Amino acid sequence: MTDSKASSSSYARSRSGGFGFPIGSLFGVQVRLDPSLVLIFLLILTTLGLGTLPAWHPDWSAVTTWIVAGVAAIAFVASILAHELSHAVVGRALGVPVRGITLFLFGGVASMDRDSDSPRAELLMTIVGPLTSLVIGVLGILGASALAPGSPAGGDPQEFAQSLGPVATVLMWLGPVNVLLAIFNMVPGFPLDGGRVLRAGLWWATGDRLKATRWAAGAGQLVGFFLIACGIFMAFGGTIPILGRGLLSGLWLVLIGWFLSNAARQGYAQLLQSQILERTSTRNLVRNEPLVVSNDSSLRQLMEGPATDADQDSFVVRDGDQWIGLVPLQRVLRVPRDQWDDKKVSDLMVPLRELPSLSLDATADLALRNMTERGVDQLPVVEKKTDRIQGFVRQKDILRWLLVQQGAPATSGT
């Protein structure tokens with residue numbers, strides 16, 4: 001009596017912790033909800049409200065049915081949150097700096113300054129997620145059984161389902177779904193939890209995290225292609241045990257497979273890029289003469305002056321001879337054009353004191369992550385001994401340098 005349309009849940013490194021809507025902090029971890037989460041919520045709500053619950057409880061009123069469906073959908077999202085929080089809490093305990101997590105259509109994304117630095121930390125941080133889902137699942141099944149007036153053993157499953165009250169019904173649906181979620185996440189395909197367990201084992205065996213990630217990501221792509229093939233088969237009328245059949249279920253499986261195969265490929269590419277960026281410092285990329293605009297310039301003077309032929313998305317703001325902040329063009333473009341004469345650059349700038357400063361020895365990887373998080377395309381570089389700003393490092397220069405290092409031509413406007 002389970003629903004097969006469960007969302008996959010795995011943690012993945014993200015360069016940004018700033019997407020989604022913040023809903024608070026739990027155990028020191030910032031939690032955000034991506035708008036795409038609404039889709040899985042509505043899918044579960046309609047599946048339960050129009051299919052599962054009317055089949056289990058044909059005598060329930062429409063109001064009761066939809067209230068229980070809504071509670072079950074919220075409980076499912078809460079169980080995904082518990083799964084992702086377990087990753088984050090254990091990761092932080094092991095020294096992996098997890099700033100926050102974002103729940104989205106296919107599970108969760110963790111915003112981390114860096115990946116785990118050992119196979120052991122990777123294994124412990126990973127395995128706790130499926131274990132959390134499994135515990136939730138078992139507790140849900142036991143709780144439903146304890147609240148049920150009868151036993152399903154040897155009886156009619158339909159009669160047993162009809163005997164359950166609203167709370168027991170939610171638990172009986174939520175329990176098996178979380179068990180299936182734990183099982184699915186242990187499929188050995190990166191970036192699913194099972195793929196990360198596989199990577200931890202390969203990393204321990206080879207001593208090479210990059211090679212282990214490449215092999216685990218290859219397995220993840222194969223799993224993704226397999227799910228796509230199964231989804232197409234189901235969409236055209238075929239039946240697969242547990243997964244079922246039908247156009248909607250098939251298309252959903254195709255979407256999960258497509259997401260998994262792309263996430264596996266991107267996960268390996270991201271690690272490869274990070275290792276390249278970690279080998280250079282901002283000292284090699286700093287610009288000592290950035291494009292500057294006066295703090296008392298109007299927005300129109302900026303937009304019809306320096307911004308017209310500049311290849312960057314933010315400008316250094318100066319007050320006299322001092323650099324005092326950055327003004328991102330995105331902020332300017334949100335201001336109506338008829339207000340450009342009335343507002344000054346200083347009204348929209350981000351003060352330098354609110355931006356993280358980079359030392360000359362900071363890695364390009366750290367610089368790129370900080371820019372993405374802050375929503376700017378450059379950051380100040382400071383000499384530690386004198387505490388003076390030496391210049392700025394730009395996102396475009398980092399990405400252009402990365403392309404050159406990867407053997408691809410660096411094109412203008414990158």
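This text goes with the structure placed above it.
Residues numbered from 1 in each chain as written. Predicted model: local features only at pLDDT ≥ 70, side-chain atom pairs only at ≥ 80, totals over all residues. Heavy atoms only, no water.

Visitor: Honestly, the overall build of the protein chain in this entry has me stumped. Any pointers?
Guide: Of the regular secondary structure elements, the protein chain holds 13 helices and 12 strands. Counting over 414 residues, the protein chain shows a buried share of 49%. In the protein chain, 67% of the contacts between residues at least 6 apart in sequence involve partners at least 24 apart. Carbon and sulfur atoms make up 60% of the accessible area of the protein chain, which amounts to about 19300 Å² in all. (Helix = DSSP H or I, 4+ residues; strand = E, 2+ residues; numbered from the N terminus. Buried < 20%, exposed > 50% of the residue type's maximum accessible area, 1.4 Å probe, protein only. Contact = heavy atoms within 4.5 Å. Areas by Shrake-Rupley, 256 points an atom, 1.4 Å probe, with all protein chains shown as cover.)

Visitor: Got a minute to help me understand the pattern of salt bridges in this structure?
Guide: Proximity of charged atoms lets side chains of opposite charge pair with each other. Taken as a whole and judged by the stated rule, the model has eight salt bridges. Residues Asp 341 and Arg 300 are paired through a salt bridge, measuring 2.9 Å at the closest nitrogen-oxygen approach. Linking Asp 341 in the loop between helix H10 (329-333) and helix H11 (345-348) with Arg 300 in helix H9 (residues 299-303), this pair joins segments that are 41 residues apart in sequence. Note that Asp 365 and Arg 369 form a salt bridge whose closest N and O atoms lie 2.4 Å from each other. With Asp 365 and Arg 369 both in helix H12 (residues 364-374) and four residues apart, the pair spans about one turn of that helix. Arg 369 carries the same exposure label as Asp 365, and that label is buried. When salt bridges that share partners are traced, they join Glu 122, Arg 196 and Arg 199 into one network. (Salt bridge = Lys/Arg side-chain N within 4 Å of Asp/Glu carboxyl O.)

Visitor: Got a minute to help me understand the sheet that holds strand E10 (residues 358-359) in this structure?
Guide: Sheet strands pair via backbone hydrogen bonds, and the direction of the pair is either parallel or antiparallel. The strand order across the open sheet built from three strands is E10-E11-E12, with neighbouring strands paired in mixed fashion. Of all the strands in the sheet, just E10 and strand E12 (388-394) have a single pairing partner and so form its edges. As defined by bridge partners, strand E11 (residues 378-383) adjoins E12 across six bridges and the pair is classed as antiparallel. Note on E12: the bridge partner recorded for Val 381 is Gly 391. Lying over the sheet, H12 contacts E10, E11 and E12, oriented at roughly 135° with respect to E11. (Pairing = 2+ DSSP bridges. Axes fitted to C-alpha atoms, helices over the stretch in contact; angles between N-to-C directions.)

Visitor: Sorry, what's going on with the nonpolar core here?
Guide: A general trend in soluble globular proteins is that nonpolar side chains are found buried together. Grouped together as the largest cluster of nonpolar side chains are 49 residues, with contacts concentrated most on Ile 40, Ile 44, Leu 48, Phe 76, Val 98, Ile 101 and Trp 173. Going through the elements one at a time, strand E3 (29-33), helix H1 (37-56), helix H2 (62-93), strand E4 (98-104), strand E5 (107-112), helix H5 (166-185), helix H7 (209-235) and helix H8 (247-277) are the ones with two or more residues in this core. Counting residues per element, this core draws most heavily on H2, which supplies 11 residues. Setting aside residues up to four positions removed in sequence, Ile 101 forms contacts with Val 29, Gln 30, Val 31, Arg 32, Leu 81, Glu 84, Leu 85, Ala 88, Val 109 and Ala 110. In this structure, Leu 277, Val 350, Leu 355 and Val 381 belong to the second largest nonpolar core, which totals 23 residues. (Core = buried A, V, L, I, M, F, W, Y, C linked by side-chain atoms within 4.5 Å.)

Visitor: Looking at this structure, I do not really get H12. What am I missing?
Guide: Of all the positions in H12, only Ala 364, Asp 365, Ala 367, Leu 368, Arg 369, Asn 370 and Met 371 are classed as buried. Looking one or two residues past H12, Gly 375 carries a phi angle of roughly 75°, positive in sign.

Visitor: What's the story with a nonpolar patch on the surface in this structure? I'm lost.
Guide: A grouping of Leu 131, Leu 134, Val 135, Val 138, Leu 139 and Leu 142 is seen on the molecular surface, where their side chains present a nonpolar patch of about 530 Å² in accessible area. Looking at the element boundaries, Val 135 is found in helix H3 (residues 119-147). (Patch = residues over 30% accessible without salt bridge, like charges linked within 9 Å, V, L, I, M, F, W, Y side chains within 5 Å.)

Visitor: Can you walk me through the environment of Leu 180 in this structure?
Guide: By the element assignment, Leu 180 lies in helix H5. With relative accessibility at 28%, the residue Leu 180 sits in the partly exposed group. Spatially, the C-alpha atoms of Leu 180 and Ser 133 are 8.8 Å apart, while their sequence positions differ by 47 residues.

Visitor: Any chance you could explain unusual backbone geometry here in plain terms?
Guide: It is generally the case that most residues other than glycine have a negative phi and that most peptide bonds are trans. Put simply, Phe 190 and Pro 191 share a cis peptide bond, and its omega is 10°. Examined against the element boundaries, Pro 191 turns out to sit in the loop between H5 and helix H6 (193-206).

Visitor: Could you clarify how one ought to interpret the sheet that holds strand E6 (residues 292-294) in this entry?
Guide: Taken in spatial order, the four strands line up as E6-E7-E8-E9 in an open sheet, and their pairing is mixed. At either end of the open sheet lies a strand with only one pairing partner, and these are E6 and strand E9 (350-351). Pairing between E6 and strand E7 (residues 314-319): three bridges, direction parallel. Across the sheet, Val 292 pairs through a bridge with Val 316, a residue of E7.

Visitor: Sorry if this is basic, but what is going on with H1 here?
Guide: Given 3.6 residues per helical turn, the α-helix brings residues three or four places apart onto the same face. Relative to the 28 Å expected for 20 residues at 1.5 Å per residue, H1 spans 26 Å between its end C-alpha atoms, a close match to the ideal helical length. Maximal helix bending in H1 amounts to about 45°, located at Leu 48. Those residues of H1 that sit buried are Leu 37, Ile 40, Leu 43, Ile 44, Leu 45, Thr 47, Leu 48, Gly 49, Thr 52, Leu 53 and Trp 56. (Expected span 1.5 Å × (residues − 1). Bend = angle between axes of the 7 residues up to and from the residue.)

Visitor: Can you help me understand the packing of H12 against helix H13 (residues 395-405) in this one?
Guide: Axis angle and axis distance: for two packed helices, these are the angle between their axes and the distance between the axes, and together they describe the pair. Where H12 meets H13, the closest approach of the two axes is 10 Å, and the angle between their N-to-C directions is 135°. With respect to H13, the element H12 is oriented oblique. Both H12 and H13 take part in a crossing whose hand is left-handed. Two secondary-structure elements touch here, H12 through Ala 364, Ala 367, Leu 368, Met 371 and Thr 372 and H13 through Gln 395, Ile 398 and Leu 399. (Parallel < 35°, antiparallel > 145°, perpendicular 65-115°, else oblique. Left-handed = near helix turned anticlockwise from the far one by under 90°.)

Visitor: What exactly am I supposed to notice about the pairing of strand E2 (residues 21-26) here?
Guide: On any regular strand, side chains alternate: one points to one face of the sheet, the next to the other face. Alignment of E2 against E3, held across five bridges, turns out to be antiparallel. From the neighbouring strand, Gly 24 faces E3, where its bridge partner is Val 31. Between E2 and E3, which pair antiparallel in sequence order, lie two residues; one of them, Phe 27, sits at a positive phi of approximately 55°.

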